[in-house]
Amino acid sequence: MHTVVNIQQAEAWNGWEGAAWADNAPRYDAMMGGFNQPLLELAAISENDHVLDIGCGTGQLTLLAARRATRAQAVGVDISEPMLTRARADAAEQGIANVRFDQADAEAHPFEEGGFDIVISRGGVMFFSDSAAAFANIARALRPGGRMVFIVPQAGRPDSDYAQATAALAPLMCGPSPAARGMGSLSDPDRIHRVLGEAGLTEVTVRPVEALMDYGRDAADAADFILGQGPVRFNLQGVEQATATRAGEELRGALAAYENPGGVRIRGSVWLVSAIRP
């Protein structure tokens, strides 16, 4: 890996949180998969497009991009080696040859100037320590006229389905886990416009997208998944066992309201962003 400037995130995603995500990749892909189609539709990847996926994680979106860019290549970059190991294994298992996964800090990585037609990201762009510098660096990797398309979460609302379903955990969530720091950095559309404009990108659009997020087979399975996620595990450390047990029971009860024949589905909201390198 070349120069790393985002030391905090590098340590977090190469530690227990990155390993846990890699070990549970199908669960996280199911949770986020509802946003793939709107992102890919806006990206409009053609068979000849070279695609760069920023913060690719375990590579689901990169592999979907590679299936569209059949006469070119999709490159996924991430700071987490455990997640990239899983991505490479999935690519080999699926027999997708026109894909590559590189460990890199996209904030400072020396990408080839103008080497990509399209940049995509399913949330990975929200973790930068210096967003303006990072987007300027990534923008240089786009050819003139190339486009960037990504999603980032909207700011959490107390009346959202997820907030209501997980209300029992809220009093115990005292702060972000190491890997979750920065998750809300691009939740304000005005800031998205400002940061991308400072990076020299134009024709910036930001629009809301909603999708059902799959949390598990039933309420018990979904509760186990949520309780095992990095931010929750981090905050439950040191909590008295009786308190944690009671919160888990209340969580399972609340999730029952979201059960349906297809599993536990909770509506989530993101910003779908696009921009052009002039």
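Residues numbered from 1 in each chain as written. Predicted model: local features only at pLDDT ≥ 70, side-chain atom pairs only at ≥ 80, totals over all residues. Heavy atoms only, no water.

Visitor: Kindly report on the overall build of the protein chain, identifying the contributing residues and their values.
Guide: Across its full length, the protein chain carries 12 helices and 8 strands. Computed over its C-alpha atoms, the radius of gyration of the protein chain comes to 19 Å, within 12% of the 19 Å expected for a compact globule of 278 residues. Along the longest, intermediate and shortest principal axes, the C-alpha atoms of the protein chain span 55 × 40 × 30 Å. Across the 278 residues in the protein chain, those meeting the buried criterion constitute 49%. For the protein chain, the proportion of contacts with a sequence separation of at least 24, taken over those separated by at least 6, is 83%. With an accessible surface of roughly 12200 Å², the protein chain has 51% of that area assigned to carbon and sulfur atoms. Positive and negative charge centroids in the protein chain, built from 23 and 34 side chains respectively, lie 3 Å apart. (Helix = DSSP H or I, 4+ residues; strand = E, 2+ residues; numbered from the N terminus. Rg over C-alpha atoms; globule rule 2.2 N^0.38 Å. Buried < 20%, exposed > 50% of the residue type's maximum accessible area, 1.4 Å probe, protein only. Contact = heavy atoms within 4.5 Å. Areas by Shrake-Rupley, 256 points an atom, 1.4 Å probe, with all protein chains shown as cover. Lys, Arg positive; Asp, Glu negative; His and termini not counted. Charge placed at Lys NZ, Arg CZ, Asp CG, Glu CD.)

Visitor: How would you explain the layout of surface pockets if you had to name every residue and give the values?
Guide: Looking at the second largest pocket, its volume works out to about 170 Å³. Along the wall of the second largest pocket there are 13 residues; nearest its centre are Val 75, Arg 100, Phe 111, Glu 112 and Phe 116. Sorting the residues of the lining of the second largest pocket by element identifies strand E2 (74-78) and strand E3 (99-103) as the ones contributing at least two each. Of the residues belonging to the lining of the second largest pocket, the class tally is 6 nonpolar, 4 polar and 3 charged. (1 Å grid on protein atoms, 1.4 Å probe; cavity = no way out; pocket = protein on both sides within 12 Å on 5 of 7 lines; lining within 4 Å. Points joined across faces, edges and corners; volume = space filled by probe spheres on them. Nonpolar A, V, L, I, M, F, W, Y, C, P; charged D, E, K, R; others polar.)

Visitor: Describe the side chain of Asn 6, and please don't skip the residues or the numbers.
Guide: With respect to the secondary-structure elements, Asn 6 resides in the segment before helix H1 (7-13). Side-chain polar atoms of Asn 6 contact the backbone oxygen of Phe 127, separated by 2.8 Å. Contact partners of Asn 6, with chain neighbours within four places excluded, come to Ile 79, Asp 105, Glu 107, Phe 127, Phe 128 and Ser 129. (Polar contact = N/O pair within 3.5 Å; in protein donor to acceptor, adjacent residues only side chain to side chain.)

Visitor: An account of the pattern of salt bridges is requested, with residue identities and associated values reported.
Guide: In this structure the tally under the stated criterion is 12 salt bridges. Close ionic contact of Arg 122 with Asp 29 constitutes a salt bridge, the shortest N to O distance being 3.1 Å. Taken together, the residues span a long stretch of sequence, with Arg 122 in strand E4 (residues 116-122) and Asp 29 in helix H3 (residues 25-32) at a distance of 93 residues. In this pair, the class of Arg 122 matches that of Asp 29, namely buried. A salt bridge links Glu 113 to Arg 277; its shortest N-O distance comes to 2.9 Å. With a gap of 164 residues between them, Glu 113 in the loop between E3 and E4 and Arg 277 in the segment after strand E8 (263-276) connect regions that are remote in the sequence. Members of the salt-bridge network, linked through shared partners, are Arg 27, Arg 217 and Asp 221. (Salt bridge = Lys/Arg side-chain N within 4 Å of Asp/Glu carboxyl O.)

Visitor: Requested: an account of helix H9 (residues 189-198), with residues and values cited.
Guide: Three or more residues of H9 are buried, namely Ile 192, Val 195 and Leu 196. Taken end-on, H9 shows its buried residues confined to a sector of 95°, consistent with a single buried face. Looking at H9, the residues exposed on the side facing more than 90 degrees away from the buried face are Asp 190 and Glu 198. Elements that come into contact with the buried residues of H9 comprise helix H7 (131-141), strand E5 (142-153), strand E6 (202-216) and E8. The N-capping residue of H9, defined by a side-chain oxygen 3.0 Å from the backbone nitrogen of Asp 190, is Asp 188. The positive-phi residue at the C-terminal boundary of H9 is Gly 200, with phi of around 90°. (Arc of directions from axis to C-beta.)

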